[in-house]
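What follows is the residue order along each chain.
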Amino acid sequence: MSGSTSNATYKITDFAFHPNNGYIYAVTNGATGSLLQIDPSDGSASNLGVVVISSGSNFTFGAQFFDPDGTLYLSNNSDGKIYRLNVDEANPSAEIFAYGPSSSSNDGARCALAEVPVGDNVDFGDAPDSYGTYMASNGARHSIIDDFYLGSLVDNEANGYPLPLSDDNSDGIDDEDGISFPTGFELGESAVILATATGSGGYLNAWFDWDQNGSFDSDEQAITGHPLSPGSNSVSLDVPTWGKAGQSWARFRFSSLADIGPSGGVGDGEVEDHQINITETGVTINYYPSSSSYTSVAYEDLYPDQEDYDMNDVIFHLRLVEYIKNDQIIRVEFEAKLAAMGAAYHNGFAIQLPGIASEKVKENSIEWNIDDVPQSGSPLESGQTNAVFIFTQDLWDHISLSNGCSFLRTESGCGTSYRTTWKMRVPFETTIAQSQMPEFPYDPFIFATPGTDHGLAAKNVVGELPGRKLEIHLKNKAPTDKFATAYFGSREDRSDPDAGQYFLNENGMSWAIEIPTSWQHPLERERLDMTYSEFLNFAADKSGNTNPNWYLNANSSLIFKD
């Protein structure tokens, strides 16, 4: 057509007409595939963005076609994988729909009004559909070929039928007979599966939902392209320490193709889904301070000044738990209860694990909740050398005050039995020697909520609202990478990083303290050293041997009482 040459700037090897809207669509070749919407009247093209990224060789989409629903299918010559995407979505993205052999030349034509059939001789899985079982979910499926499957039986289905609707139950024929488990699946140990293959030239791939999140994640493939001989095969695998004990699912796929995923179609073989039980033995639990008590951490948030020094601006009760096997830490758990907040400023709360690299944390397996409500997103803070876990950016988001009260449990008559509670389960990618773990209570700290005022003194040091640049840690605990070291030595702070001294004034008094009990804190604007007269001598003694039980002897008229 006239003028179309000027639009021929994209590298494509096929295209397809949409069944409804009149446009032509194509996905470009190369390391990334971009979706083009082409106007057939003048050849002009709109680039709708990258829809697929190669993890190996470049794409060459030799055949592209639509089904009647407007789903575009793409066949990649280099590896035989067929992708599909809905071009009408706001942000379309391609997924692998089926696996096939590679070809140096692949072309074809198809009517856009023709259905893309499943076929009459197909084996589906029967795990819950969150793992990809129904056809609508691009479920795992295999075309049945004579004498090439797992075990001695394979049957065909028109669709996936997740348990308890599995055809194994409904038709009385259990074809899940190719995989058996002579050993259990114990966290941190090796396991063995027996795979019986009918036919030669096949490969076994397997995925285990170790963290029980309802999907087979990329790091949960336990067996990759393992060749099977006809008959019985013994295959070993490692059960990760970061898994979760309890009932879960595993998927086994047998095919002449070695490189396949947990969902999508394959031209031969069989899929078997099995319920498994993950166990945990030989694990000891180390509680801090104990399984039935809490330690308290209290903060003065006027740093780098001390001002009223009532040490009740933020108070948390903490319990920390380590899970240990063979002298190795496999995971930790935190429980944090907000006990008091006498601060007008907005503060966040976090825990740092000094000396434990962020990369050691199995981030996608972290479980956490607030008041027993599961939270989405990751609490592991990015851009940190050490692992840092953000419980909240703003504690004021979690406070409800009684009428006439300005603060939480720091004013007379403003008591409550309710405590906002955070719980966090943090597994590690690989175990950590007990000797390498930081001492309890690790490093709980508060920080200025980004975008909020935190006083003129804090602002002047960094020339702006401080946000994450301002942190307040326990005495002699080093700050995180996000802290502004300009605070050291400013105003009342007398930190000396070279001497390992942080967050203390000239008298050795700090802006954060730990009290190894559920502490009775001072009332609003009652100084800590006046409420607990023995505290000054305790703070001045670097050894901590003077008045170590200072927190037991209070002026009862100055402490808060519910």
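Here, the structure is the one placed above.
Quick look at the structure, then.

Examining the sheet that holds strand S6 (residues 71-76)
Argument step 1. Here 7 strands make up an open sheet; going across it, the order is S5-S6-S7-S8-S19-S10-S9 and the pairing mixed. Strands with a single pairing partner mark the edges of an open sheet, and in this sheet they are strand S5 (61-66) and strand S9 (122-124).
Argument step 2. Two elements, strand S10 (residues 141-143) and strand S19 (residues 265-266), share 2 bridges in a ladder whose sense is parallel. For His 142, the partnering residue across the bridge sits in S19 and is Val 266.

Side note on the side chain of Glu 411
Argument step 1. Here Glu 411 is to be found in the loop between strand S28 (386-392) and strand S29 (421-433).
Argument step 2. We note that Glu 411 is buried and unpaired, the nearest opposite charge coming from Arg 525 at a distance of 10 Å.
Argument step 3. Of the polar contacts made by the side chain of Glu 411, one reaches the backbone nitrogen of Ser 406; its length is 3.0 Å.

Brief notes about the side chain of Asp 268
Argument step 1. Mapping Asp 268 onto the fold places it in the loop between S19 and strand S20 (270-279).
Argument step 2. Notably, Asp 268 is buried but unbridged: the nearest opposite-charge side chain belongs to Arg 253, and the N-O separation is 8.7 Å.
Argument step 3. At 3.0 Å, the side chain of Asp 268 and the side chain of Ser 255 are in polar contact.
Argument step 4. Those residues in contact with Asp 268, other than ones at most four positions away along the chain, are His 142, Ser 143, Ile 145, Phe 148, Phe 254, Ser 255 and Ser 256.

Examining the pairing of strand S8 (residues 95-99)
Argument step 1. By the bridge criterion, 3 bridges tie strand S7 (residues 82-86) to S8 in an arrangement that is antiparallel. Along S8, the bridge assignment pairs Arg 84 with Glu 95.
Argument step 2. Of the strand pairs in this sheet, S8 and S19 are connected by 2 bridges, and their pairing is parallel. Opposite Tyr 99, over in S19, you have Val 266 as the bridge partner.

As for the sheet that holds strand S15 (residues 202-208)
Argument step 1. In space, the 5 strands of this open sheet follow the order S13-S20-S18-S15-S16, with mixed pairing throughout. The open sheet is flanked by strand S13 (185-186) and strand S16 (221-228), the only strands paired with a single partner.
Argument step 2. The sheet contact formed by S15 and S16 spans 5 bridges and is antiparallel. Its bridge partner being in S16, Tyr 203 is matched across the sheet by Pro 227.

Here's the deal with unusual backbone geometry
Argument step 1. Cis geometry is found at the peptide bond from Tyr 288 to Pro 289, where omega equals -5°.
Argument step 2. Here Tyr 303 and Pro 304 are connected by a cis peptide whose omega angle stands at 10°.
Argument step 3. Locating Pro 304 in the fold gives a position in the loop between strand S22 (295-299) and strand S23 (314-325).
Argument step 4. Positive phi outside glycine occurs at Arg 491, with the angle close to 50°.
Argument step 5. Within the secondary structure, Arg 491 sits in the loop between strand S31 (471-472) and strand S32 (512-515).
Argument step 6. For Arg 525, which is not a glycine, the phi torsion comes out positive at approximately 65°.

A closer look at the pairing of strand S24 (residues 328-340)
For a regular strand, side chains alternate in direction, first toward one face of the sheet and then toward the other.
Argument step 1. The buried fraction of S24 is high, at 10 of 13 residues.
Argument step 2. With 11 bridges connecting them, S23 and S24 associate as antiparallel partners. Opposite Leu 318, over in S24, you have Ala 336 as the bridge partner.
Argument step 3. Counted between consecutive antiparallel strands, the loop separating S23 from S24 contains 2 residues, among which Asn 326 sits at a positive phi close to 55°.
Argument step 4. Alignment of S24 against S29, held across 9 bridges, turns out to be antiparallel. Its bridge partner lying in S29, Phe 334 is registered against Met 424.

Conventions adopted
- Residues numbered from 1 in each chain as written.
- Predicted model: local features only at pLDDT ≥ 70, side-chain atom pairs only at ≥ 80, totals over all residues.
- Heavy atoms only, no water.
- Pairing = 2+ DSSP bridges.
- Helix = DSSP H or I, 4+ residues; strand = E, 2+ residues; numbered from the N terminus.
- Buried < 20%, exposed > 50% of the residue type's maximum accessible area, 1.4 Å probe, protein only.
- Lys, Arg positive; Asp, Glu negative; His and termini not counted.
- Salt bridge = Lys/Arg side-chain N within 4 Å of Asp/Glu carboxyl O.
- Polar contact = N/O pair within 3.5 Å; in protein donor to acceptor, adjacent residues only side chain to side chain.
- Contact = heavy atoms within 4.5 Å.

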